[in-house]
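For reference, the chains in residue letters:
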Amino acid sequence: MRELIAEEILMLQFNLSDPDGDTLSTAKELLLGTDPLDADTDNDWVRDNFEIIKGTNPLTGDTDGDKSGDFSELLYGFDPLDPSVHP
Ligand SMILES: [Ca+2]
Ligand SMILES: [Ca+2]
Ligand SMILES: [Ca+2]
Ligand SMILES: [Ca+2]
């Protein structure tokens, strides 16, 4: 087996590492612009990985800008991507 060069090892660690435990790898978080050391970058109580699944913006607590936070919209069954419906 050939030896991995330094950059390959670094990339491998990046791809596999998940220090904040939000299931998004550090490489992916850097791509998304989220904080690889914070499972909830925008502190809106919705974890980064869940925001990706739901399609909400992991960098803002109110994706559709209707003044109702993503967390409460999801909690009460409203569409966090539609500003015309909110709690
Ligand atoms: Ca992560
Ligand atoms: Ca994160
Ligand atoms: Ca969040
Ligand atoms: Ca909202």
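The following refers to the structure shown. Here the structure is a predicted model, which is why all the values come from computation and not from measurement.

### Focus: the overall build of the chain
Okay, so step 1: Looking only at helices and strands, the chain features four helices and zero strands.
Okay, so step 2: Listed N to C, the secondary structure of the chain is α-α-α-α in terms of helices and strands.
Okay, so step 3: Computed over the C-alpha atoms, the radius of gyration of the chain is 16 Å, more than 25% above the 12 Å expected from 2.2 N^0.38 for a compact globule of 87 residues.
Okay, so step 4: In the chain, buried positions account for 29% of the 87 residues.

### Topic: unusual backbone geometry
Okay, so step 1: In this structure, W45 takes a positive phi of about 80° despite not being glycine.
Okay, so step 2: Mapped onto the secondary structure, W45 falls in the loop between α2 (26-32) and α3 (48-54).
Okay, so step 3: With phi around 75°, K67 is a residue other than glycine that occupies positive phi space.
Okay, so step 4: Among the secondary structure elements, K67 is positioned in the loop between α3 and α4 (70-75).
Okay, so step 5: Here K67 falls in the exposed class, since 8 other C-beta atoms lie within 10 Å of it.

### With respect to the environment of G61
Okay, so step 1: The topology assignment puts G61 in the loop between α3 and α4.
Okay, so step 2: C-beta crowding within 10 Å serves as the criterion here: with 21 such atoms nearby, G61 is assigned to the buried category.
Okay, so step 3: On a C-alpha basis, the gap between G61 and L75 in space is 14 Å, while along the polypeptide they are 14 residues apart.
Okay, so step 4: Every residue in contact with G61, bar those within four places of it in the chain, is listed here: D42, N43, D44, G69 and D70.

What counts as what
- Residues numbered from 1 in each chain as written.
- Chains lettered and ligands numbered in written order.
- Predicted model: local features only at pLDDT ≥ 70, side-chain atom pairs only at ≥ 80, totals over all residues.
- Helix = DSSP H or I, 4+ residues; strand = E, 2+ residues; numbered from the N terminus.
- Rg over C-alpha atoms; globule rule 2.2 N^0.38 Å.
- Buried ≥ 20, exposed ≤ 12 C-beta atoms within 10 Å, placed from the backbone.
- Contact = placed C-beta atoms within 7 Å.

Take it as geometry only, folks, not as evidence of what the structure does.
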